[in-house]
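This is what each chain is made of:
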Amino acid sequence: MSETIKPVINIDDIDYMDFGDGGKFQAKLGMIGPLIGAKKLGYNITRLQPGKAAFPYHLHHNIEEMFFIIEGEGVLRFDGKEYPIKKGDVIAGPTGHGTAHQIRNTADAELVFLAVSTLETPDVAEYPDSGKYAVICGDLAGGDPSKATFRIVAKKDAGVGYFDGESE
Ligand code: MN
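This section reports on the structure supplied with the text. Each chain carries its own residue numbering, running from 1 in the direction its sequence is written. At least 70 in pLDDT is required for a residue's local features to be given in this predicted model, at least 80 for side-chain atom pairs to be given and counted, and no such filter applies to totals for whole chains, interfaces and linings, which use all residues. Neither water nor hydrogens contribute to the side-chain values; these are computed over all heavy atoms in the structure.

### Topic: the coordination of the manganese ion
The protein atoms that coordinate the manganese ion are His58 (NE2), His60 (NE2), Glu65 (OE) and His101 (NE2), at distances spanning 2.0 to 2.3 Å. In terms of primary sequence, the donors binding the manganese ion are separated according to H-x1-H-x4-E-x35-H. You can see histidine 60 sitting in strand E4 (residues 59–60) and its partner histidine 101 sitting in strand E9 (residues 101–104), a full 41 residues away along the chain. By relative accessible area, which is 7% here, histidine 60 ends up buried. Note that water is not among the atoms considered, so a metal site may appear incomplete; the donors listed are N, O and S atoms within 2.8 Å of the metal, with 3.2 Å applied to Na, K and Ca. By the criteria applied, helices consist of DSSP H or I runs no shorter than four residues and strands consist of E runs no shorter than two, each listed in order from the N terminus. Each residue's exposure class comes from its accessible area (1.4 Å probe, protein chains only) as a fraction of the maximum for that residue type: buried when under 20%, exposed when over 50%, partly exposed otherwise.

In structure tokens, the structure reads:
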């Protein structure tokens, strides 16, 4: 017997998982999309305590994102500039070079926002602060890295020549 998925849920009624490195990167992420039947978009609620960011500064080559600030204040780093953000702000996160982004809570109260993204696979992300990149293939809807069918995070300068190691 299949249970009908309701298309609506309240952000106070979802489960939040801890994400981060235990230091500067720390967030509570509440995955919503699959719970209410979303198929082509991923939705999550991100909750940041003061001083924290969920993810390093990064850009995407395939998925596009949108952020809506529900509560609190902070700063958006976007393509080398900083923008103050607050409740009610809508933020675009398009793809490609010139779109690197990071949301940080610089205030003294919780910052809460809705993050929406397309779910194209694979996604390729670049992390300008560290020179890393990531390739992620598979089901990105839940945001769970273990669902990826292929995932690598590496330094861009560790690449090899196209024909390296090939002899036949
Ligand atoms: Mn992003």
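### Thoughts on the pairing of strand E6 (residues 73–78)
Working note: regular strand, side chains alternate between the two faces of the sheet. Paired strands are those between which DSSP finds at least two bridges. Where E6 lies against strand E7 (residues 81–86), six bridges are found, and the strand directions are antiparallel. Directly across from arginine 77, in E7, lies its bridge partner glutamate 82.

### Points about the environment of aspartate 18
Position of aspartate 18 relative to the elements: it lies in strand E1 (residues 17–20). The class of aspartate 18 is exposed, set by a relative accessible area of 59%. Taking the C-alpha atoms as reference points, aspartate 18 and tyrosine 83, separated by 65 residues in sequence, lie 26 Å from one another. Contacts between residues were defined by any pair of non-hydrogen atoms, one from each residue, lying within 4.5 Å. Apart from residues lying up to four places away in sequence, aspartate 18 is in contact with Ala27 and Lys28. Polar contacts, as used here, are pairs of N or O atoms within 3.5 Å; protein pairs need one atom able to donate a hydrogen and one able to accept it. Residues neighboring in sequence count only if both atoms are side-chain atoms. Of note is the side chain of aspartate 18, whose polar atom sits 2.5 Å from the side chain of lysine 28.

### Considering the pairing of strand E10 (residues 111–118)
Most of E10 sits inside the fold, with seven of its eight residues counted as buried. Taken together, the eight bridges between strand E3 (residues 41–48) and E10 define a ladder with antiparallel strand orientation. Note on E10: the bridge partner recorded for isoleucine 45 is leucine 114. Where strand E5 (residues 65–71) lies against E10, six bridges are found, and the strand directions are antiparallel. When the sheet's bridge partners are listed, phenylalanine 68 is paired in E10 with leucine 114.

### Brief notes about the side chain of arginine 104
As for its placement among the helices and strands, arginine 104 is situated in strand E9. A distance of 3.2 Å separates the side chain of arginine 104 from the backbone oxygen of glycine 51, its partner in a polar contact. Leave out the neighbours within four places in its chain, and arginine 104 touches Lys24, Phe25, Gly51, Lys52, Ala53, Gly74, Val75 and Leu111.

### A word on the nonpolar core
Note on soluble globular proteins: their nonpolar side chains tend to be buried together. In this description, a nonpolar core means a group of buried Ala, Val, Leu, Ile, Met, Phe, Trp, Tyr and Cys residues linked to one another through side-chain atoms lying within 4.5 Å. Grouped together as the largest cluster of nonpolar side chains are 15 residues, with contacts concentrated most on Leu48, Ile91, Ile103 and Phe113. For this core, the secondary-structure elements that each account for two or more residues are strand E2 (26–31), E5, E6 and E10. Not counting residues up to four positions away in its chain, the partners in contact with isoleucine 103 are Leu48, Lys52, Ala53, Ala54, Phe67, Val75, Leu76, Ile85, Ile91, Leu111 and Phe113. Counting residues in each nonpolar core, the second largest holds five residues, with Ile14, Ile32, Ile45 and Val112 among its members.

### Concerning the sheet that holds strand E13 (residues 148–155)
Taken in spatial order, the four strands make up an open sheet running E4-E11-E12-E13, and their pairing is antiparallel. With one partner strand each, in any of the chains shown, E4 and E13 form the two edges of the open sheet. Pairing of E4 with strand E11 (residues 123–127) involves two bridges; the strand directions are antiparallel. Following the sheet pairing, histidine 60 is matched in E11 by alanine 125.

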